[in-house]
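# Structural overview
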Amino acid sequence: MIKKLLTLLFVLLSAAAYADTIKTDVLVVGGGASGVAAAIQSARSNVKTMLIEQGPWLGGAMTAGGVCILEANRNLPNGFYGEFRERIRNFYKVRLGYDTTFNAVLNFEPSVGASILKKLTDTVKNLTVKLNTPFTTIKKDGTGWEVTITVNGKTDVIKAKAVVDATEYADVATKAGAIFNTGFDSRKETGEAQAPTDPTNQIQDISWVAILKDYGRTADKTIVRPDNYEPSQYACLKRIDIKKMLKAGALIDNKYMMNWNDCANQYSVTSDDLSPENRAETFRKARLHTLGLIYYLQTELGYKNIGLADEFPTKDKLPLIPYVRENKRAYGEVRMVLDDIYTPYTRGSRLYRTAIGIGDAIPGQHYIIPGAPKIKYPPFPPYSVPLGSIVVKDAVNLFVTEKAMSVTHLVNGSITNPAVQMALGQGVGASAAWCAFFGKTTRELDVRKIQDEVLIYGGAVMPFSDIPKSDPAYRAVQQVGSTGMLQGFRTVTGTTAQMLFKPDTTVYTAEVKPFLNEIYTRSFLWFNKTQPGDNFTVGNLLSYISEMSLTDPETLERIMRTNWKTKYNFTVAFDTRRPVTRREFVVLANKYLNPFSRKVDLAGKMIN
C-alpha cells in the first residue's frame, strides 16, 4: 500500500514538474460571441493574447448553440460585429435568395459561422487560440492571475496580466471569488419602475435549439422515440401554424432553426441547475426534451420529412451546447439598470459617458413555469453599455461578459443576446488590453483612452442609428456624443424605438450652455458678454471657439470659409448669421474644443 502511494506521489510530482508555464498579457476564457471579439480586439491592440475554449467550436450560442438567426444590432452593425456580418454576407451572397441588404436579419449555418470565426482568428497577429481546452483553477498572481488549463490530458499554467471571463456560466469569476446575484431584482433595490415589488430567484429558461432540414416529401426521417417521451408536453403546438414557425427559422438549403417558445424547446431551470455539479444532468434532460419535440413534430403533426440536419459533430445531431439566456450576475464597479437605457441623460450617474459598446435587442421573457412576472417594457431603444458593468468589484484585472455582467435582471434580457455580446466584446478586449499594455489595473481605467481604441477599430460607443460609420462626421459624433455636450433623441414609432442624433437640426443655446459652463472655466464670461439667442449660430460657435482657444477671430473665420465644404464636408453654405446644425457643431467642437479629452470616472463624472 505504501509503495503504491509513493508511486502515485512520484507520478503527480513528475507531472507538476513538467507542466508548462505560459505567459500572456491577456487571457480570454470562453470562445463565445463576446470572447472571440474580446480576444481579437485585445490582439489588435498590440498585446499578446490567448483565447481558450473548452469545446471544438468558436462562437458559443450563435454557432455551437445553434442560435444562428440574429435580429439584434442589425441597424448598428459596427466594429467586430459588423466585420462578422460582412464575412457571413460575402460567403452567402452568391446563393440565390440570400438577403444581403445592409440591415437584413443575419442568418447562417452554425458550422459556417464557426468556420468563419476560426479562419478570422487564425489571421490575427498576437493571438493564440486553444480549442478543446478547459480551465480548471484560477488564483491571484500579484495584480494579474494564474490560470491552470488542461491540454491533451496535461495541466499547464497560464500567467496573465488581465483575464476575461467569457464563459457561458461565469465559471472563472466564480472560482476567483466574485459575488453574484440571480433572478428578478425588486423595484426597491434597482429603482426600476418595471421591476416586480418582490425579488424572485426565477431565471429565464434555457433552450436546446435544433437545426432541421426538409429532406423531401417522400423522406421519412423519424428519429427513435426518446426516453421518457410524453406527447402531452408539446400539445400547445396543435394550436400553432407550424409552416409559419418553420418559415420564420428558414436558413439556406432547406434548413431551419428550431428555437420555438413555450411548450417547444424551452426548458425551465434554476441557477443551481446550471452549477458545475448539476450541469450534465440538466443538459441531458434538456436534450431529451428537444428530441421529444422533434419526435412529436414528426409523428403527431405529420412532418416525417423534416429531420435533424448533419450540422453538429454530436451523436444525436443536436447542438454542442444549450442556449443559456441567464444565470448569475456579478457585482461590478457599477450596475446598469433600465433607466440607463430609457433616461440616460437625466440620471445622477452618467454611465453613457463611459460606454464601451452598444446594444439593440428587444428583451426576452422566456418562462414556461406559471407565475413568473411578465414585464411590460415600453418601446425599447438602442443603448450604450458602461465600462463599469464588465469590471468585477474587488477583483483586480478581472473582466466579465455574457450572463455575468453587472446589470439587473431586466437589462440582462437584452444584453446577453449574442449579437450584442459580440458588439460589446470588442470594448471588453480593448479594456483588458489597456491594462496589460500600460501595466495598469482596473482601479486606474482610463475611460477615454479605451473608448478611443474602440473607435479606432470601427466600433461604437453611442447608439445613433442615423450616423453610420461611413458618415464623415461619425467619429466626431461618437466622441462628442459620449460627453453629453449634445444629447441623442429617443424616437418611438409604434412598438419600436430608435436613438437618433438628428445631425441636420438646429443647436439650441439652452442645450449646450450647461455643459460648456461645466467644463470650460471662462465659458460663463463669454455667455454673459455675448448673450446668444435661443438658436446658437455659426457666428456664436466661432466666437466661442476663438475665446476658448485664444485664436484670432478674423483668422478663424477666414479658415472656416476656406475649409467649410472642402475639408469639413458641410453641405449648407457658410453663413455666420444662421443657426448652426448639430453636425457642424460636433465636428468643429471636436476639433477646436476637444471635450472628449476631459476624463471621466466609471460613474461618468468629470474628473478635473
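Here the structure is shown first, and the text comes after it.
Below is a summary of the structure that appears in this document. Everything quoted here is computed from the prediction, not taken from an experiment.

Quick look at the sheet that holds strand β11 (residues 210-214) now. The 3 strands lie next to each other as β12-β11-β14, forming an open sheet whose pairing is antiparallel. Looking at strand neighbours, the two that pair on one side only are β12 (255-258) and β14 (306-308), the edges of this open sheet. On average, each strand axis in the sheet is inclined to that of its neighbour by 35°, with strand direction left out of account. As paired elements, β11 and β14 share 3 bridges and run antiparallel to each other. Paired with L212 across the strands is L308, a residue of β14.

In this section: the layout of surface pockets. Space inside the largest pocket adds up to approximately 1200 Å³. Of all the secondary-structure elements, those providing two or more residues to the lining of the largest pocket are β3 (69-70), α7 (242-248), α10 (409-415) and β20 (496-500). Split by residue class, the lining of the largest pocket holds 18 nonpolar, 18 polar and 5 charged. Estimated volume of the second largest pocket: approximately 620 Å³.

What follows deals with helix α17 (residues 553-563). In an α-helix, one turn spans 3.6 residues, which is why side chains three or four residues apart end up on the same side. All buried positions along α17 are accounted for by L556, M560 and N563. Each buried residue of α17 sits inside an arc of 80° when the element is viewed along its axis, so together they form one side. For α17, the exposed residues lying more than 90 degrees away from the buried face are E554, R558 and T562. In this structure, the buried residues of α17 make contact with α16 (538-549) and α18 (582-592).

For the rest of this paragraph, the subject is the packing of aromatic side chains. Taken as a whole and judged by the stated rule, the model has 26 aromatic pairs. Both rings, one in Y342 and one in F380, keep their centres 5.7 Å apart while their planes meet at 85°; by these two values the pair is edge-to-face. On the criterion of sequence distance, the pair formed by Y342 in helix α9 (residues 339-342) and F380 in the loop between β16 (355-359) and β17 (383-386) is long-range, its members being 38 residues apart. Assessed through its relative accessible area of 10%, Y342 is described here as buried. Among the residues examined, F380 registers a relative accessible area of 4% and is labelled buried.

Summed over all chains, the structure comprises 36 salt bridges. Among the salt bridges present, the one from R335 reaches D185, with a minimum N-O distance of 2.5 Å. One end of the pair, R335, is in the loop between β15 (329-330) and α9; the other, D185, is in the loop between β9 (180-181) and α6 (187-190), with 150 residues separating them in the sequence. Given the relative accessible area of 22%, R335 is considered partly exposed. A relative accessible area of 3% places D185 in the buried class. Two residues, R475 and D452, come together in a salt bridge whose shortest N-O distance is 2.4 Å. One end of the pair, R475, is in helix α13 (residues 474-481); the other, D452, is in helix α12 (residues 447-456), and 23 residues separate them in sequence.

About the thresholds
- Residues numbered from 1 in each chain as written.
- Predicted model: local features only at pLDDT ≥ 70, side-chain atom pairs only at ≥ 80, totals over all residues.
- Heavy atoms only, no water.
- Pairing = 2+ DSSP bridges.
- Helix = DSSP H or I, 4+ residues; strand = E, 2+ residues; numbered from the N terminus.
- Axes fitted to C-alpha atoms, helices over the stretch in contact; angles between N-to-C directions.
- 1 Å grid on protein atoms, 1.4 Å probe; cavity = no way out; pocket = protein on both sides within 12 Å on 5 of 7 lines; lining within 4 Å.
- Points joined across faces, edges and corners; volume = space filled by probe spheres on them.
- Nonpolar A, V, L, I, M, F, W, Y, C, P; charged D, E, K, R; others polar.
- Buried < 20%, exposed > 50% of the residue type's maximum accessible area, 1.4 Å probe, protein only.
- Arc of directions from axis to C-beta.
- Contact = heavy atoms within 4.5 Å.
- Phe/Tyr/Trp six-rings, centres within 6.5 Å; stacked < 30°, edge-to-face > 60°.
- Salt bridge = Lys/Arg side-chain N within 4 Å of Asp/Glu carboxyl O.

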